[in-house]
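A look at the structure
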Amino acid sequence: MKKLTAALLIILCFATVSFAAFGKKGVIPEGDPITYRGLKVTENGVSIILMNRGDKPVVFNAALVFLNNRRQEIGDVYIEKTTIEPGGEAVFKDLFLKGDYKACRKAESLRWTIYELELK
């Protein structure tokens, strides 16, 4: 009985990881030193926190696209140009989401398009 319970727990641990869509925090590809956390999709829009892990101020401007399991775009968000100080963060709340918020919550992955990334 203990072996069965242990086996079920292990299977459930791996199953929950495989069903996770995208992370609430992570690294932006080609966006070093900018990272994100607190990614949340609601019916009011998208909230996200961008953090500067570098030692210089950064000017950042990008778009975030939500992709389904067939790599089709199901929604996107524009992040306006902002300056983030070293070790600082920029908080965006209720950004306009172009697309279905319910489908974006179930997105398989994210695609970032960086329009501007300038170290000052």
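Everything here concerns the structure above.
As a starting point, this report considers the structure included with it. Note that this is a predicted model, so its numbers are computed, not measured.

1. Some points on the packing of aromatic side chains
The final tally for this structure, using the stated rule, is two aromatic pairs. Relative to Trp112, the ring of Tyr36 has its centre 5.5 Å away and its plane inclined at 45°; by these criteria the two rings are tilted. Of the two residues, Tyr36 is situated in strand 2 (residues 34-42) and Trp112 in strand 8 (residues 109-119); the sequence distance between them amounts to 76 residues. The interplanar angle of 40° and the centroid separation of 6.2 Å between the aromatic rings of Tyr78 and Tyr115 together place this pair among those described as tilted. With Tyr78 in strand 5 (residues 73-84) and Tyr115 in strand 8, this pair connects stretches of sequence that are 37 residues apart. For Tyr78, a relative accessible area of 47% puts it in the partly exposed group.

2. A word on the pattern of salt bridges
Pairing is possible between side chains of opposite charge, provided their charged atoms come close. One pass over the full model with this rule turns up three salt bridges. Residue Glu73 is joined to Arg111 by a salt bridge in which the shortest nitrogen-to-oxygen separation is 2.3 Å. In this pair, Glu73 sits in strand 5 while Arg111 sits in strand 8, placing the two residues 38 residues apart along the sequence. What makes Arg111 partly exposed here is its relative accessible area of 32%. A salt bridge links Glu116 to Lys81; its shortest N-O distance comes to 3.6 Å. Residue Glu116 is located in strand 8, and its partner Lys81 is located in strand 5; the two are separated by 35 residues in the primary sequence.

3. A word on the sheet that holds strand 6 (residues 89-95)
Here four strands make up an open sheet; going across it, the order is 1-2-3-6 and the pairing antiparallel. Each edge of the open sheet carries a strand with a single partner, namely strand 1 (26-27) and strand 6. By the bridge criterion, seven bridges tie strand 2 to strand 3 (residues 45-52) in an arrangement that is antiparallel. In the sheet register, Arg37 faces strand 3, and the bridge partner there is Ile49.

What counts as what
Residues numbered from 1 in each chain as written. Predicted model: local features only at pLDDT ≥ 70, side-chain atom pairs only at ≥ 80, totals over all residues. Heavy atoms only, no water. Phe/Tyr/Trp six-rings, centres within 6.5 Å; stacked < 30°, edge-to-face > 60°. Helix = DSSP H or I, 4+ residues; strand = E, 2+ residues; numbered from the N terminus. Buried < 20%, exposed > 50% of the residue type's maximum accessible area, 1.4 Å probe, protein only. Salt bridge = Lys/Arg side-chain N within 4 Å of Asp/Glu carboxyl O. Pairing = 2+ DSSP bridges.

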